[in-house]
Structure formats: C-alpha cells, structure tokens
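Chains, contacts and geometry: an overview
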Protein chains: 2
Amino acid sequence: MGGGLKRIAILGSTGSIGQQTLEIGRTFSDRYRIVGLGAGKNATLLAEQVTEFQPRFVSLESATHETQSPAWPSDAPSAQPVTAEEMASCPDVDVVVVATSGKAGLVPTLAAIRAGKHVALANKEVLVMAGAMVMAEAERQGVEITPVDSEHSAIWQCLRGESRDEVARLILTASGGPFLRCKEKEMAGITPEQALRHPTWKMGPKVTIDSANLMNKGMEIIEARWLFGLPLHRIDVVIHPESIVHSMVEFVDGSVKAQLSEPDMRLPIQYAVAHSQRLANPDLPRMDFGRPRSLNFEPPDTGKFPCLRMAREAAEQGGTYPAVLCAADEVAVDLFLAHKIGFLDIARLVEDTLDRHRAVAQPTLEQILAADAWAREQAAKWRPR
Amino acid sequence: MGGGLKRIAILGSTGSIGQQTLEIGRTFSDRYRIVGLGAGKNATLLAEQVTEFQPRFVSLESATHETQSPAWPSDAPSAQPVTAEEMASCPDVDVVVVATSGKAGLVPTLAAIRAGKHVALANKEVLVMAGAMVMAEAERQGVEITPVDSEHSAIWQCLRGESRDEVARLILTASGGPFLRCKEKEMAGITPEQALRHPTWKMGPKVTIDSANLMNKGMEIIEARWLFGLPLHRIDVVIHPESIVHSMVEFVDGSVKAQLSEPDMRLPIQYAVAHSQRLANPDLPRMDFGRPRSLNFEPPDTGKFPCLRMAREAAEQGGTYPAVLCAADEVAVDLFLAHKIGFLDIARLVEDTLDRHRAVAQPTLEQILAADAWAREQAAKWRPR
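Criteria and cut-off values
- Along each chain, residue indices are assigned from 1 in the same order as the chain's sequence is written.
- A letter from A marks each chain and a number from 1 marks each ligand, given out in the order of writing.
- Whole-chain, interface and lining totals are the exception, using all residues; otherwise, since this is a predicted model, local features are given only for residues with pLDDT of at least 70 and side-chain atom pairs are given and counted only at 80 or more.
- By convention in this description, side-chain values take in all heavy atoms of the structure and omit both hydrogens and water.
- Between any two strands, pairing holds if DSSP finds at least two bridges.
- The helix and strand labels rest on DSSP assignments: H or I over at least four residues marks a helix, E over at least two residues marks a strand, and numbering proceeds from the N terminus.
- Should any heavy atoms of two residues lie within 4.5 Å, those residues are considered in contact.
- The axes used here are C-alpha line fits, helices contributing only the stretch in contact, and every angle between their N-to-C directions lies in the interval 0 to 180 degrees.
- Note on exposure labels: buried denotes an accessible area under 20% of the residue type's maximum, exposed denotes more than 50%, and partly exposed covers the range between, all computed with a 1.4 Å probe on protein chains only.
- Any carboxyl oxygen of Asp or Glu that lies within 4 Å of a side-chain nitrogen of Lys or Arg is treated as forming a salt bridge with it.
- Overlaid copies result from least-squares superposition on C-alpha atoms, with residues included only where pLDDT is at least 70 in both.
- Buried area is a sum: the accessible area each of two parts loses on coming together, probed at 1.4 Å, counted once for each and added.
- The definition of a polar contact used here is a pair of N or O atoms within 3.5 Å, where within protein one atom must be able to donate a hydrogen and the other to accept one, and adjacent residues in sequence count solely through side-chain atom pairs.

Residues and elements named next belong to chain B. The strand order across the open sheet formed by seven strands is β4-β3-β2-β1-β5-β6-β7, and the pairing between neighbours is parallel. Edge positions in the sheet fall to β4 (80-81) and β7 (145-147), since each of these pairs with one other strand and no more. Relative to strand β5 (residues 95-98), strand β1 (residues 6-11) runs parallel, the two sharing four bridges. Directly across from I10, in β5, lies its bridge partner V97. Together, β1, β5, β6 (118-121) and β7 form the strand contacts of helix α4 (residues 106-114), whose direction differs from that of β6 by roughly 150 degrees.

Let us look at the pairing of strand β9 (residues 235-239) of chain B. Regular strands have side chains that alternate between both faces of the sheet. All names here are of chain B. Of all five residues making up β9, four are buried, and the element is well covered by its neighbours. By the bridge criterion, five bridges tie strand β8 (residues 167-174) to β9 in an arrangement that is parallel. Across the sheet, the residue bridging to A174 is I239, located in β9.

Once their charged atoms are close, side chains differing in charge can pair, the charge on each being opposite to the other. All names here are of chain B. This structure, assessed with the given rule, holds 64 salt bridges over all chains. Note that E250 is salt-bridged to R169, the shortest N-O span being 3.1 Å. Separated by 81 residues along the polypeptide, E250 in strand β10 (residues 245-251) and R169 in strand β8 bring together distant segments of the chain. Overall, the relative accessible area of 4% leaves E250 in the buried class. Using a relative accessible area of 17% as the deciding quantity, one classes R169 as buried.

A separate point is the relation of the copies chain B and chain A. In the superposition of chain B on chain A (RMSD 0.0 Å, axial shift 0.0 Å), the rotation amounts to 180 degrees. Read as a symmetry element, the transformation amounts to a two-fold axis. Looking at the rotation axis and the C-alpha trace of chain B, the residue lying nearest is B:G161, at 1.8 Å. The overlap is high: 100% of the interface residues of chain B also sit at the interface in chain A, so the same surface is used on both sides.

Let's shift gears to the interface of chain B and chain A. Counting residues at the interface gives 46 residues for chain B, matched by 46 residues for chain A. Note on chain B versus chain A: buried area summed over both sides is about 3,600 Å², and carbon and sulfur give 51% of it. Taken together, the links from chain B to chain A amount to 10 salt bridges. Among the salt bridges present, the one from B:E162 reaches A:R278, with a minimum N-O distance of 2.8 Å. Between chain B and chain A we count 29 residue pairs in polar contact (both at pLDDT 80 or more) in total.

Note that all results are geometric; they support no functional claim without further evidence.
Right under this line is the structure:
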C-alpha cells in the first residue's frame, strides 16, 4: 500500500461512472491506489480491471461471495472476494466511490459512512430513498458525502466559499433529453433504442432512460435537497439543451453563480474524489470560446414530462414515498428496456404504485427496504391501463 | 454618527455609479451613513444630494475649495467643504467609493489607501495608470480594494473560496457595444449620439464610448491583472452581447465558474461596499429562467476593434505606457463627443500618442502624472491623418 496514496474502492466499477473513475485512477496514479473493485454482473470486464489495477478486494454481486463462479474467468488474478458492504467498510479504504445505480448503493453507502469513509456518491437513488437517514448518519460520523453527479458537483462548486444563509435557490439544469422537441402525441411510440441516444452525455441505460423522461431530474431535486439542506421549493429546474452549464446557485442579492464545462463526467468525478481540490488534468476538455456558441435555457414542460412533478410530490410527501418512486421506476425502466411496456407507461406505472402506497413517516432502513420490496412487487404486477 | 453604521464617502456622487451608490445608501440606511459627497461639476445635483443625505463633507472640484461658488445654490445646506483627497483620508470615513472616471480618481484613491480606508473602486483608470503602485500601497497598508466594475465583481465572486493557484485564466465578457454587427467600413461615420446608445448598460459618457470601441474592455484586462495578480496572457476577452454573464474564471481542472445577473450596477456596487457580504435587496432584479433565453458568446474581432489590442500591448510594455493610453483616450473621447474627431480617430490618436511616448519603467506617482500631462498635451495637438 503506497505511502501517501489515497486508497479508493469503487462500487460499480464496470459501469460508465466506474470506468471513468478508473481513468482518473490511471491519470493520477501518483495520488490514488485502487484497492477495491465491485461490479454487479459484468465479470469479464471486472476481471480485466482486476488484472490492470491489482486491487486487494473484489466483489461480484452475481457471484454471491464466490469470485470463482462460472462467470469469473479462471485465469483472472486473485483478489480477496468480499461483499460490496464489506469492501465499503474495510479499514484499508479511504474513499468509497459509489458508482452503482438504483437500489444497489444504499446498504454499502451506509456501511461506508459508518466506517468513517469519505463517500463520493454517483448513485442518486441512495439519497432519494433514504436521504434523511444517510445525511444524519454522515453528520453523526463526521463524514462528508461529495457529489459525483455533474449537477450537484456544479452546485457544490458554486457554493464553495459562500455562506449558506446567503443562498436563495438552487437551479438544476437539465438537457431535456432526446425528446425535448418531440410532440406529446408521438411520445407513446418511443422505443428503448431511441431513448438510449442521449444528446450530450454518455451514461448507463438506467440513467439515460431516466434522463429521457426527466425522472432523473426529479430525483436530482431530491438529492440536492439532502446534499445541500435546502427546502424543495427553493430548488428549481431549467432546461439547458447544450449541457454546458451544469447547474447554478442564486443568492439573496440576486447574483447567480454557474459552473460550466464541456460535458465530461471525469471532471465531477475527480473533483469529488479529490474532495474539492482542483487537479490539473490535460485529458479534460477546455471550454472553447474561440468559436461562436449559444447557451439556451427554457422552463421545463411538466405536462409532457410528468415524472418531474411526481418526483417532487413524492419528496414533499416524504417518508417512504421517494423509496417507492425509486423502486417502481427501476422496475418500470427494466420493463421498458425489455419492450414490455411503452415509454409513457413508465410514468403511469410509477404514479399508480405511489398512489397505492401506504407510507411510513421517518422510516427506518428496514421500513425503507420493505417499501422498496413492496413497490417492486406491485410494479411487476402492473399492467397498462 | 450612528453607532454601528458604516460611514461612506462617494467621490463622483453625481455620476451614474455615484447615484446608484446613493440608491444603495437609501435601501440600506440601517447599515450605511453617507458622510461625504464629491462631484466634478454638477453643483445642482450635488446640492440636492447634500440636502437629502446631510453629509459632513462635500467636495466640488470645479469650485476649488469654495462650495459657495456661483454654481453652488445659495440655499444648499452647509457641509464642510474639502478636497476629494481630504475627504478620502478623513478619519470619520470607513469606505471610500471611487466613482469618478478618467484620471480624477488616482490621487484620492492613493490618499484613501494611505489612510487605511476600504476602497470600493469603480474608476478603472486608477489601476490602469498606476496599478503596480496602488496595489503595492494597498498591500503595505493591509487595505483591500473591492471592485465595482461588473466584470471584476463577477471574477471576484467566482474566486471566492477558491485557491488562487488553481486558477487557469480569467475570461472577461464584453457586450461588444452598439457596433458589434456594424460593418468595418461604416464605422468611420459613427456619431457620438449613436455611440452613446449602449445596448445593455446605462453608464456615463466616457465609459459608454470606451465600451463602443472596446477600449473599456482593454482597460479592464489591465485592471484585472492588478486586482487578481494574474499575468496578461491568462486574461481573455469573449463577446457576450446579452451582458448576463458578467465574467468567468477557468480553473486548472477545466471547470469554469461564471457569475450572472440581469444587468444592474447596484449589485456589484452593494457587493463591493459590503465587502463581499450578500445583502438581500428586493429592488434588484432576479434572473428569469421562466421564459426561454439565449446566452451567446463569440471571440472579439481585434481587427475591427484595435483598442483591445492596443490596451493589451500598452500593458505588456508596462511602465508609463498604460497611463499614456488612459490620458490620450480621455482627450480623444472628449474630442469625439465634441464632434472634433471621428469615431475611428480615437484609436488612431491613442496609438500615435503611444508610439511617440518615451516610457519610464517602474514610474513614481510624479512620473505617472508627468506622462499623463505629456500625453494630454500631445493628444490635444493631434490631427487626423
């Protein structure tokens, strides 16, 4: 274990954020050592990553403690097999990058916080499902959760050096996804293939679909609420198709600060991992003002994109509602990607599940996980009206 | 003199920035007390201001120590007549707002710094003429100079909380003025009346003309150099016709921070006077993202706007060159406003004067003032080629 090197464990190392975190690890091999790699199902890529980075710990969800499962190549190097939770709380880890998606990150994130780790969080459902509990635990442990989402990184950057009581509102930008200009009546026919083509960001399938119907932005409102401790009515969304302004903060004097860059997730990743230190990285693109460019902004159409409204309402109702939102959405996106339901059915499925839910206020982890399980069961049974 | 009230003296109180500073004084009468008012020639407005604010000190340049000059209304209230320099260094003053234009602010600003005052600086020529000396004196006295220019205020806001060694470059925005889309061959015929119509900002005549030919932006490069201690090659200019993004900072990681607001000088004024505290001010406009809006950026055309290049070159050569630039420009703008020379002659006059100048390196105040006097004399004799 190299002297002053920060030791990083990545949960979800084979996903888009995970792979880009490894790129940062390569670029700054003088600062970081990858000591843990965890993945869900992609054993082949995980094995390659293990070969390159020689981590001490490896976790493969589908292998359930046996890295020598059939999916694990027999010539892969040996690293100690652990669960994601064990990896997140291992004493030889300094930073845990939670780059999983959906529900998968919740329990390992709590484990990392309880073990006093610095958490770089890309898995927004962790805070959507259990924000109150996760933030309270982080406060209790004196642990900071640094955001990897480009929007929350932007807000975090804009808040740097500012007094929290001088903040008026947060303004999350949204690209608007590939269907921003799509007519409402044409949206029912959207296919998974069309929805997976995001205009400006390269992301995993779940977050790409969530971006296409603005559910992602709705979840980001909830995430921002917990990360920055602002009430929901002081968190706005504005459509910005170019994805150059990653988000903004308005202060009580009317001044607005914005963070900009060419879209590249490696910037918020390295900023989160370095805990707000700015590292010179020649691989990252520079904003080019040497050619004419136009940045456009418009209010979101919540009639066409009901998920944005639904997420906000679930957050306002609180308790287990946001966990149900997440669970129902995860099932719905899977069904949509499998061509089993239509694009607009995602919102309908989530709304119906929320409507049927009997929420628990101030839930425990067990109650959140129970609401999640209930919602998945309900969602799986859902049929188009 | 009210208990905890900050005592403000305004040099140039009858100008555009001066009047808007008084609006801030009215809005925050619980925080500020206007104890000094100084003007150049507008005795009538100055008398009105004295009646309203009841300052202890008043200075009228044209009256040369006699506020009871013919221009001073006989029914105006009495305040102690002083020179601008005396007002700037008076022990009963906490903040000196230097809202004069051209050369007028230099000596009073130095007096304020030497007396340990907080200086809110709107008069950019002070730093263009004598930046090295002024900043050295401020450092010696432990005095901070807070910028009132919207561009420098934006940069100052973007730098807040950031580490200076993580700054890659400053990006000053420029509206481009009313002639951004004017054909080069049509520029010779521009009249003072056309040039005084600035598309987005309401300003005094000198700075409005300087904005029309981008001399103002050139001077701002020099001002930024001194205020923020960055080399000239790390200060760029980008045209942004909407004047919403007031300037930006790029960091070593490629991240860019920008400060935005609807154009209103009261925001940077109150931020400068409150020394970077953000005061809730319901009179200030809020950024409206509830309607579609477009922010555009393009590189400046230094062929069409040679003043931008000339100012940068004068700064690179250093010594007394920037003082000569200021003096020649001040004379040239007066001649243009008096219809004695054409719009394009402003740049020619300044360039010819710079060409003829034999500069002094690391000049003293006396040498700067001598260069200024020399340049004015030369400029007055200049005739169109």
